Amino acid sequence: RLAAVPSFTKVNYPVKFTDSYPRRKAKQSSWATQVNQADEPGTHDEQWNAVARIPEAFWLSELLMSQCLVICYVSCETIVLEAKEQARATKYGRTVEKALSRDDLLRLESLAFHSIVLAYEHLVKRQAMDSRFQSIPCGYRIAALFLRPLIHHSVDAASQLARMDPDHRVRLIWLLCLLYSLQESPDAMLRRELQALCQNGRLNDFVYLLKLACTSCQYFFSRDEPLPVLEGFNSLSATIILVVDECLDVISNDESLTNVGCSIFDVLLQLLATPQSSVTLLRTLGAAAHSLDKFGARVFSRATLVGDQLQHWARLMLTMMNNKELSVRSMAVDFVVSLLSQLYQEDGNIESWSLCMLTILPEIVAREIALCHASGLVGSMLDVERSLWPLRRSLADVEEADPLDDDRVDERMVPLLGLLCRTSQAIIDGVVIEIRLSGAGEVGRLSDITRTILSRQVADDLVIPDKFSQDSVFDADEESLMEAASYFSHETSLPQRMRWLFSLRDLHVAKGQWLEAAETLNLCAQSMLKGLDFITHTWRPSRTFDAWHDSRRFPWLLAVGLNKGCAEVNAFADAFLEPFRREDNKINSGHLSIEDVAMTVVDVVCQMVAAFEQESGLEELACLHLEDLLALLPSKTRQDGSRGRGIRSSPAVSLHRVKACIWNKLGKLADESSHVGSPLPNELPDTGASAQIYVLVFLHGYKPKRFLESTGVPTFLEFNQPSICRVSMASLEEAARLKRADPSLSWDQSICSTFAQPLLNMLRQENDTDHPILLRTSQQVELPSEETKTYLSVMTVQKYPGSKARRFIIRSDDSTTQLTVANPFPHTLSRQRSLVTKNSHKS
């Protein structure tokens, strides 16, 4: 009845508030007269009780609201205490004296529910919906009537609210009342109450209350009511900004500052993990950027070291960077640049964030592809690549951060940003390559691709993919996978390095490049043996992000339906996090062990020898690699054997098995006295039993459209840049068939024509008829005679003697040209750029 009094608002003497804080009108700032409003004295306290009123302002509203909240709180507390006593008595087999009956408990539950309903319906909603108070100033005055009791009693009842289910009616209505007051209350009064909470040491409880409100608001997703969720999240973001502004300077204790920062960043993480509109996302990202700027990288690092918070922040930022809205992507890029800059100023490096971000990046890329597929936007590999262009553009924006334009960026950090972003682009390429290797030319069911990815286990035999698209001959697939693997070190991130090396191996096997596959496996075995001493320091990501799996903590998952595509999307993304698995699945759980690594080394050695056997005349090179692996074993064996468990300890036994496997393979290679000759006659240089044929590829003349694109994906053949490529055994066999079909062709012409055929097909497929493409197989690079034609020059080159060499020679009738590559061939890459290091003419 008191709440229904017609003059209820008037008898509470509501204070008139303005939009600004402080209330006194400030002088206008100009370039000549700078006015700092923050230094002006506030008039809130001076005007609050300027007129002596008995009773004081808000006397009736606070009295009624406090009574309702106290009744609800005491009733809930009584029910909880009774439940504890009953549970304790049942545990110890006794009865509770003077226990409440079931009717008493139901009466208390009804009392709690009706008290909070009265507070919501007759106090908050009745006054807020009154047609007389719909203007903005009146809205401030109405919300101020209930702010103080709602904040203080809610903080007192935080423990009881946390014990209720997130969708409990009492909890939902209570928190809705609180969110209304936080959203509509005047700035001045809310700041004053936050300062009071900070001085009383209750700020952490208030932030925890915000987290409870975030969880409860998500249940409105299942009711098809997105507006309460968006408005509630907007209120939470704005409140967090006020908390940071008002209380950060008051807290002097470093431990308390870290605790508050941990709580605030936890709430922001939960807000960002929930699907929102672009406007709400902007406000939440703005609150996150503001909190990072105020707390600094030190507090952020301490807060995110709790559990797996750091990698979860990386997951969400990468997801925001692939958002379709430009404004959201810009805010996410700004946050990442700010974070990296502060981390560099604090620690002198950005290694921790970079390693975390690049490790979980494949999962985010796969998740974005799966979400687009679930929305019906992906049907082919071209659609897959298009779905990732926002993320590529965002990474390019991070790389383009210029110290001259942005004072946050240190000029010494620019190379680190470039390395991070280039590796990120390579990892995105790697995920697309792995999807292609699964045989998904036309992306069909996600479950089929997931099953194929998970079946890529380390086995004795090399598995050739059923089908592999040859439409990507100009893509730098090998270079991208090698760049991704090169970033990760065997000391700190051995599983990630192994993952990309195995993907590179599968790519070589799919192309029939067995020598490159063997070199890749040799590099993988060396990395694992070198990383045995650092297994305990290996970092591995968590395989579960609660925001995408736990429907209890994140109820919005119930709205989308865990059985309606969500589970399939999660399984697809999880398969790309670390797809390298053993049959017993031990290598994907927890830290690696020496036994796991040793078993993997045995399998890799068997694969390497099998790959060498696919091409004839490589026994000597295989023996050299096996001897190099043996040289890495003795120190590891002695170290593991001296751990106090004797030489029969499990790690030592595992390493002895590796040694025995290598000696076994060496013995078999030594017993093979008969060498299989090359299918080509000895008319070409170095075409003996260990023949390796290399060609120089040079693309010049009119530049096709493919090479005019300015993208983050490098092409396989760079225009006007000579490259040395190794000819695979399959190409040599095809050249031999071409030679037998047309004996008038020389071996050079047969090899060059066979190697250039896929390149010519792709160029002619993408080129128009006005600019023809010509093939040249002469032994010297000629200048193009017509600028309207595209010339593809392919010629055989001679490698310097030795198992491995970096220099090559082109001999013609009147000159000799020497070319040099960066890494000696054979290499894990079948193609490398070359430089002309010497050019001599015959007299």
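Fair warning: this is a prediction, and the values are worked out from it, not measured in the lab.

**Q** Even after reading the chapter, I still don't get the overall build of the protein, so can you show me in this structure?
**A** Within the protein one finds 32 helices and 7 strands. Per-residue burial for the protein yields a buried fraction of 52% across its 843 residues. Within the protein, contacts between residues separated by at least 24 positions form 72% of all contacts whose residues are at least 6 apart in sequence. Approximately 38,900 Å² of the protein is accessible, and the part contributed by carbon and sulfur atoms is 51%.

**Q** Explanation requested: the packing of aromatic side chains in the structure shown.
**A** Centre distance and the angle of the planes are the two values used to describe a pair of aromatic rings. Within this structure, the stated rule accounts for 11 aromatic pairs. For the pair F572 and F576, a centre-to-centre distance of 5.0 Å together with 55° between the ring planes defines the contact as tilted. For the pair F572 and F576, one class covers both residues: buried. On the basis of an interplanar angle of 75° and a centroid distance of 5.8 Å, the ring pair of F808 and F825 is categorised as edge-to-face. Highlighted residues: F808 in strand β5 (residues 805–811) and F825 in strand β6 (residues 815–825), separated in sequence by 17 residues. The exposure classification of F808 matches that of F825, with both residues buried. Geometry around F113 places R169 over its ring, the cationic atom sitting 4.2 Å from the centre. Directly above the aromatic system of Y800 lies the positively charged group of R807, at a separation of 4.3 Å from the ring centroid.

**Q** How do you make sense of the pairing of strand β2 (residues 723–726) when you look at a structure like this?
**A** Consecutive residues of a regular strand have side chains that alternate between opposite faces of the sheet. What you see with β2 is no split at all: S723 and C725 on one side and I724 and R726 on the other are buried throughout. Pairing geometry for strand β1 (residues 694–701) and β2, over 4 bridges, is antiparallel. Across the sheet, residue V695 finds its bridge partner in β2, namely C725.

**Q** Looking at this model, I keep getting lost on the pairing of β1. Mind explaining?
**A** Burial analysis of β1 places 7 of its 8 residues in the buried class, which makes it a mostly covered element. As judged from the 8 bridges shared by β1 and strand β4 (residues 790–799), these two strands associate in the antiparallel manner. Looking at the pairing, L696 lines up with M795 of β4.

**Q** How do you make sense of the nonpolar core when you look at a structure like this?
**A** One broad rule of soluble globular proteins: the nonpolar side chains tend to lie buried together. Among the nonpolar cores identified, the biggest contains 207 residues, and W313 and W353 are the most heavily contacted of them. When residues of this core are assigned to their parent elements, the largest contribution, 13 residues, is made by helix α16 (residues 351–374). Excluding its chain neighbours within four sequence positions, the residues that come into contact with W353 are L310, W313, A314, M317, V336, L339, L340 and L343.

**Q** Mind showing me how you'd approach the state of the cysteines here?
**A** Each disulfide consists of a covalent bond between the sulfur atoms of two cysteine residues. Under the counting rule described, the total for this entry stands at 0 disulfides. Just so you know, C72 is unpaired, no disulfide at all, and the nearest cysteine sulfur is the one on C76, 4.2 Å from it. Cysteine C217 is unpaired, with the sulfur of C214 as its nearest cysteine sulfur at 7.2 Å. On the basis of relative accessible area, C217 is assigned to the buried category, the value being 4%.

**Q** Looking at this model, I keep getting lost on the environment of K705. Mind explaining?
**A** Inspection of the secondary structure puts K705 in the loop between β1 and β2. Separated by 58 residues in sequence, K705 and L763 have C-alpha atoms that sit 9.7 Å apart.

**Q** How do you make sense of the pattern of salt bridges when you look at a structure like this?
**A** For side chains of opposite charge, pairing can occur when their charged atoms come near one another. Counting across every chain of the model gives 26 salt bridges. Between R831 and E479 there is a salt bridge, and its shortest N-O distance comes to 2.9 Å. Separated by 352 residues along the polypeptide, R831 in strand β7 (residues 831–841) and E479 in helix α21 (residues 477–487) bring together distant segments of the chain. Take R831: its relative accessible area is 5%, and that puts it in the buried class. Under the relative-accessibility criterion, E479 is labelled buried at 17%.

**Q** Looking at this structure, how should I read the packing of helix α13 (residues 278–304) against helix α14 (residues 309–321)?
**A** Helix-helix packing is characterised by the crossing angle of the two axes and by the distance between the axes. Where α13 contacts α14, the axes come no closer than 13 Å and their chain directions differ by 150°. In terms of orientation, α13 lies roughly antiparallel with respect to α14. Crossing handedness for the pair α13 and α14: left-handed. Listed contacts from α14 to L281, L285, A288, F300, A303 and T304 of α13 are Q309, L310, W313, M317 and M320. For the contact of α13 with α14, the per-class residue count stands at 9 nonpolar, 2 polar and no charged.

**Q** Would you take a moment to explain helix α22 (residues 494–511) for this structure?
**A** In an α-helix there are 3.6 residues to a turn, and that puts residues three or four apart on one side. For α22, which comprises 18 residues, the first-to-last C-alpha distance of 26 Å matches the rise-based estimate of 26 Å (1.5 Å per residue) to within 8%. When you tally the buried positions in α22, you get 17 out of 18 residues, the bulk of the element. Positive phi shows up at G512, right after α22, with a value of about 75°.

**Q** Explain the packing of helix α6 (residues 147–156) against helix α9 (residues 187–199) to me, please; I cannot follow it from the model alone.
**A** At their nearest, the axes of α6 and α9 sit 10 Å apart, and the two run at 30° to each other. By the angle between their directions, the pair α6 and α9 is classed as roughly parallel. Taken as a pair, α6 and α9 cross one another with a handedness that is right-handed. Across from L147, R148, I151, H152 and V155 in α6, the residues of α9 making contact are M189, L190, E193 and L197. Per-class residue counts for the contact of α6 with α9 are 6 nonpolar, 1 polar and 2 charged.

**Q** Help me out: how do you make sense of the environment of V727 in this one?
**A** Of note, V727 is situated in the loop between β2 and α31 (729–741). The exposure class assigned to V727 is buried, which follows from its relative accessible area of 1%. For the pair V727 and T796, spaced 69 residues apart in the sequence, the C-alpha separation amounts to 9.6 Å. The contacts of V727, once residues within four sequence positions are left out, are I693, V695, L732, I751 and F755.

**Q** Teacher, can you tell me more about the confidence of the model for the protein here?
**A** If pLDDT is low for a region, its predicted coordinates should not be looked at in detail. Summarising the model, the protein shows a mean pLDDT of 79, and 79% of its residues fall at 70 or more. Within the protein, helix α18 (residues 389–399) carries the highest mean pLDDT (93), whereas helix α2 (residues 44–48) carries the lowest (47). Of the regions scoring below 50 in pLDDT, residues 29–46 engages in 22 contacts with residues more than four places distant in sequence or in other chains.

**Q** Got a minute to help me understand the side chain of T820 in this structure?
**A** Summarising the element assignment, T820 is placed in strand β6. Of the residues examined, T820 reaches a relative accessible area of 14% and is grouped as buried. When near neighbours in sequence (up to four residues on either side) are disregarded, T820 contacts R806, R807, R833, S834, L835 and T837.

**Q** Any chance you could explain the environment of E787 here in plain terms?
**A** For E787, the position within the fold is in the loop between β3 (773–776) and β4. Among the residues examined, E787 registers a relative accessible area of 71% and is labelled exposed. Sequence-wise, E787 and Y702 are 85 residues apart; in three dimensions their C-alpha atoms are separated by 5.6 Å.

**Q** Please explain the side chain of S834 as it appears in this structure.
**A** With respect to the helices and strands, the residue S834 is situated in strand β7. A relative accessible area of 1% places S834 in the buried class. Beyond its immediate sequence surroundings of up to four residues, S834 is in contact with L696, Q721, P722, S723, I724, L819, T820 and V821.

What counts and how
- Residues numbered from 1 in each chain as written.
- Predicted model: local features only at pLDDT ≥ 70, side-chain atom pairs only at ≥ 80, totals over all residues.
- Heavy atoms only, no water.
- Helix = DSSP H or I, 4+ residues; strand = E, 2+ residues; numbered from the N terminus.
- Buried < 20%, exposed > 50% of the residue type's maximum accessible area, 1.4 Å probe, protein only.
- Contact = heavy atoms within 4.5 Å.
- Areas by Shrake-Rupley, 256 points an atom, 1.4 Å probe, with all protein chains shown as cover.
- Phe/Tyr/Trp six-rings, centres within 6.5 Å; stacked < 30°, edge-to-face > 60°.
- Lys NZ or Arg CZ within 6 Å of the ring centre and 35° of its normal.
- Pairing = 2+ DSSP bridges.
- Core = buried A, V, L, I, M, F, W, Y, C linked by side-chain atoms within 4.5 Å.
- Disulfide = S-S within 2.5 Å.
- Salt bridge = Lys/Arg side-chain N within 4 Å of Asp/Glu carboxyl O.
- Axes fitted to C-alpha atoms, helices over the stretch in contact; angles between N-to-C directions.
- Parallel < 35°, antiparallel > 145°, perpendicular 65-115°, else oblique.
- Left-handed = near helix turned anticlockwise from the far one by under 90°.
- Nonpolar A, V, L, I, M, F, W, Y, C, P; charged D, E, K, R; others polar.
- Expected span 1.5 Å × (residues − 1).
- pLDDT = per-residue confidence, 0-100.

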